[in-house]
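Next come the chains, spelled out residue by residue.
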2 protein chains.
Amino acid sequence: MNLKQLSHMLALSQTTVSRALNGYPEVNEETRRRVVDAAKRHGYRPNPSARRLATGKTGMIGYVLPTGTTVDIDPHFVEFLSGLGDYARSHELDLVLSPADADDQETTYRRIVANRQVDAVYISSPRPADRRVALVNTLGIPFIVHGRSEGFDFDYPFTDIDNEGAFHEAARLLVQLGHRRLALINGDDRETFAIHRERGVRRALAASGLVLRDQHVCSLTMTEENGYRAARRLLEQSDAPTAIACSSLIMALGVVRAVRDLGLTIPGDLSLIAHDDVFPWLKPENFSVPLSTTRSSIRLAGARIAERLAARISGLEEGARGEVWPVDLVVRGSVAGAPA
Amino acid sequence: MNLKQLSHMLALSQTTVSRALNGYPEVNEETRRRVVDAAKRHGYRPNPSARRLATGKTGMIGYVLPTGTTVDIDPHFVEFLSGLGDYARSHELDLVLSPADADDQETTYRRIVANRQVDAVYISSPRPADRRVALVNTLGIPFIVHGRSEGFDFDYPFTDIDNEGAFHEAARLLVQLGHRRLALINGDDRETFAIHRERGVRRALAASGLVLRDQHVCSLTMTEENGYRAARRLLEQSDAPTAIACSSLIMALGVVRAVRDLGLTIPGDLSLIAHDDVFPWLKPENFSVPLSTTRSSIRLAGARIAERLAARISGLEEGARGEVWPVDLVVRGSVAGAPA
DNA sequence: CAAAATCACCAAAGCGCTTTGGAAGACTCT
DNA sequence: AGAGTCTTCCAAAGCGCTTTGGTGATTTTG
């Protein structure tokens, strides 16, 4: 059932039927009812390929997926996707993942924009002066950045959490508890979020005349194994930290294992605070010693970004407004006063 | 730069240019070279929207993503995606995720097929007599099932791992080590993979005149918390098992925690084998006691399924061939002889 | 009451590609 | 040399929608 057939059986022109269906004003309400009714009865759905050729609108949002045999997709992605998908569904948007060589995403961005394959894109895990952000900005496709980049001569729209504030609060608490030697087990420090978190910790320490020593900060991809390694390296130093702030729950698993291997205890010998993106399958309260966390649902962020993308596509949102969400500090058993 | 312009500057018809570019035989090789060369020089790329309207081919593979505020996407998905994406990239395929109400995916499948939004789809986490499989089979779109369904009067193409064999082997090993009371901490037993795993364990036990008692099998979604709960329930029974087979590494984390909480040890009091889908961020060899596993890379499965989908789209693969991959049994420190 | 404005509709021209149905010229064969 | 066969190309017809640029009929205005 296509437009031609439908308009023929209604004895109307394609123009009128199309307009009736798309809510244009220049059609009699009575006629519109007839059309809408007939369309529903016959299950008419405009062919998206045709519509897309005519209008350029696709009803899809895009994401360039870095791939490669040695490239791992962040496990956070799936949780983000839950939120994004949940919102997208309610607005009849699909998500297209365009796999790209991790070392050459530009080609793919250019392709999906030149071909008008999607109405908008989002960018995640941005770095300072991220080339992708500059690129999509000049390409002129609507976009939202999940996280923040820095150092451009233009503004851009983003949704981020207050990573600096979160880790500032976490570190401040630890300092207040008497800790003098703090360490940070961070994610990849080429990414902005990691830089912000480190900055937060440093600022909190500085406020008490302390410093974050270089050998007390580790930046690694967020795996259990790296958490373990980092923790061992830190805890076997002569001036081992008495408290650790950790960028991910998965790494925290490794930290806990290292602590146990070394015959230490939490929070007796070491206080631990980790960032929690809120996974359904791994909860900080279920750690052997319930884990204090800075908490922010990455799923909510996904939903929010879908919402903003939809708004930008339909022209409801404009400009380069960035939004920064506050992060909860949730205190549980893994923190205590510094050991004597 | 579109076809019209390009053909005009070549003083050729659109027909010839189109055919030259698409490798049709009825064009002079010399002409083809000229055309291909000019196309490259001017960066001509056929508009996919137009092509898809004309041919119906989209260059995209589809996946219906069940969503909802209470619906969690399986963390395995992201690893599967890595493999799929890596292959898809090399074949210029994009992946479109169509979010659907988890309770009504049928509407979405019908839509993407009716609208010809994708060239093929894949289905994951199938259940016995899975309606999605029956649906896509009748809708006539190329598809591959990741995993297996059962109980149809038709065959269908799938790629699955030998879940039954894997857990049969695991259980057999445990029995050989003298264990008489085995337990199974399984995933959601409405899904085929869980049923097969249970079957494998039962078969191994039966071969030695043993049975898997009902109170020794737990079927839950695969979270750390559920692993913990299941393990506690099992180990606090009067006839607690001396060995556990576990369907996921994430659940195994919970099992290990429960064992520790109860003051027991692995493998002294309990032998443990878990299934490992091979995540980069959580490795069985890094458990406090290195974990024995049945191992199969879900990432490889993703790549394989992309490969088969591409083959079916291009007509290279036909028929309903199902393939079943063997699973490695990797023995590490978490298994030992049954306690006296 | 004539002129202007509004209403409700339509024919046809895109959007940019693929594919059908030739057709002209070159080549082969008897 | 004439018929048949390739080879190589083209004009034009889709694919199914949106949108432009109207046209009569009806209502409003000065």
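All figures in this text were calculated on a predicted structure; none of them were measured in a lab.

Draft legend 1. A look at the pairing of strand β5 (residues 158–161) of chain A. All names here are of chain A. Taking every second residue as pointing to the same face, both faces of β5 are buried, with F158 and D160 on one and T159 and I161 on the other. Examined bridge by bridge, strand β4 (residues 143–146) and β5 share 2 bridges and lie parallel to one another. Within β5, the position partnered with V145 by the bridge is F158. Summarising the sheet, β5 and strand β11 (residues 322–325) pair through 4 bridges and their orientation is parallel. Of the residues in β11, the one forming a bridge with F158 is G322.

Draft legend 2. Just unusual backbone geometry, in detail. All names here are of chain A. Look at the link from I266 to P267: it is a cis peptide, with omega at 0°. Summarising the element assignment, P267 is placed in the loop between α11 (249–261) and β9 (271–276). With a phi angle near 50°, R116 is a residue other than glycine that sits in the positive phi range. Within the secondary structure, R116 is located in the loop between α6 (106–114) and β3 (120–124). Exposure remark for R116: the relative accessible area of 57% places this residue in the exposed category. Even without glycine at this site, S125 takes up a positive phi of about 50°.

Draft legend 3. Just the domain arrangement of chain A, in detail. Residues and elements named next belong to chain A. Here the domain parsing of chain A yields domain 1 (3–46), domain 2 (60–160 + 300–325) and domain 3 (163–296). Placing the centre of domain 2 and that of domain 3 at their C-alpha centroids yields a distance of 29 Å. The interface of domain 2 with domain 3 comprises 11 residues on the first partner and 14 residues on the second. The three residues of domain 2 that bury the most area against domain 3 are H76, E79 and R127, which together make up 43% of that side's buried surface. Our count for the domain 2 to domain 3 interface comes out at 1 salt bridge.

Draft legend 4. Looking closely at the protein's contact with DNA strand C. In the vicinity of DNA strand C lie 27 residues, with T15 of chain A together with L3, S18, R19 and Y24 of chain B positioned nearest. Close to the protein, within 4 Å, the atoms of DNA strand C belong to sugar or phosphate groups at a rate of 62%. Residue T16 of chain A places a side-chain N or O atom 2.7 Å away from a phosphate oxygen belonging to DNA strand C. Between a phosphate oxygen of DNA strand C and a main-chain N or O atom of L3 of chain B, the distance comes to 2.3 Å. Its residues assigned to classes, the surface near DNA strand C comprises 11 nonpolar, 12 polar and 4 charged.

Draft legend 5. Quick peek at the environment of V330 of chain A. Tracing the backbone shows V330 of chain A in strand β12 (residues 328–330). With near-sequence residues (within four places) excluded, V330 of chain A lies in contact with S292, T293 and R295 of chain A.

Draft legend 6. Fine view of helix α5 (residues 76–90) of chain A. Over its 15 residues, α5 of chain A runs 22 Å from end to end, which matches the ideal 21 Å to within 8%, given 1.5 Å per residue. Among the 15 residues in α5 of chain A, 13 count as buried, and that is most of the element.

Draft legend 7. Seen up close, the interface of chain A and chain B. Facing 53 residues of chain A, the contacting portion of chain B comprises 53 residues. Our count for the chain A to chain B interface comes out at 6 salt bridges. Notably, a salt bridge pairs K283 of chain A with E225 of chain B, separated by 3.5 Å at the nearest N-O pair. Remark: the boundary between chain A and chain B carries 25 residue pairs in polar contact (both at pLDDT 80 or more). For the side of chain A that touches chain B, the elements supplying multiple residues, two or more each, are α4 (48–55), β1 (60–67), α5, β2 (94–101), α10 (224–235) and α11 of chain A. Taken together, the 3 bridges between β2 of chain A and strand β2 (residues 94–101) of chain B define a ladder with antiparallel strand orientation. What sits directly across from L95 of chain A, in β2 of chain B, is L97 of chain B.

Draft legend 8. Examining the sheet that holds strand β10 (residues 292–295) of chain A more closely. Residue and element names in this part refer to chain A. Taken in spatial order, the 6 strands of this open sheet run β7-β6-β8-β9-β10-β12, and their pairing is mixed. In this open sheet, the two strands that pair with only one neighbour each are β7 (217–219) and β12. The mean angle between the axes of side-by-side strands here comes to 15°, regardless of whether they run parallel or antiparallel. Direction of pairing for strand β8 (residues 243–246) relative to β9: parallel, over a ladder of 4 bridges. Directly across from C246, in β9, lies its bridge partner A274. Packing against the sheet, helix α9 (residues 192–206) makes contact with β6 (182–186), β7 and β9, and its axis sits at approximately 175° to β6. This element, α10, spans β6, β7 and β8 of the sheet and lies at about 160° to β6.

Draft legend 9. Representation of the environment of T69 of chain A. Positionally, T69 of chain A belongs in the loop between β1 and α5. If we skip the residues at most four places from it in the chain, T69 of chain A touches D86 and R299 of chain B.

Draft legend 10. Spotlight on the pattern of salt bridges. Residue and element names in this part refer to chain A. In the structure shown here, the tally under the stated rule is 64 salt bridges over all chains. R45 is the partner of E92 in a salt bridge, and the nearest nitrogen-oxygen pair spans 4.0 Å. One end of the pair, E92, is in the loop between α5 and β2; the other, R45, is in the loop between α3 (29–41) and α4, with 47 residues separating them in the sequence. Linked by salt bridges that have partners in common, R304, E307, R308, R312, E317, R321 and E323 make up one network.

Rules of the game
- Residues numbered from 1 in each chain as written.
- Chains lettered and ligands numbered in written order.
- Predicted model: local features only at pLDDT ≥ 70, side-chain atom pairs only at ≥ 80, totals over all residues.
- Heavy atoms only, no water.
- Buried < 20%, exposed > 50% of the residue type's maximum accessible area, 1.4 Å probe, protein only.
- Helix = DSSP H or I, 4+ residues; strand = E, 2+ residues; numbered from the N terminus.
- Pairing = 2+ DSSP bridges.
- Domains from an automatic or database assignment.
- Contact = heavy atoms within 4.5 Å.
- Buried area = accessible area lost by both parts, 1.4 Å probe.
- Salt bridge = Lys/Arg side-chain N within 4 Å of Asp/Glu carboxyl O.
- Near = heavy atom within 4 Å.
- Polar contact = N/O pair within 3.5 Å; in protein donor to acceptor, adjacent residues only side chain to side chain.
- Nonpolar A, V, L, I, M, F, W, Y, C, P; charged D, E, K, R; others polar.
- Expected span 1.5 Å × (residues − 1).
- Axes fitted to C-alpha atoms, helices over the stretch in contact; angles between N-to-C directions.

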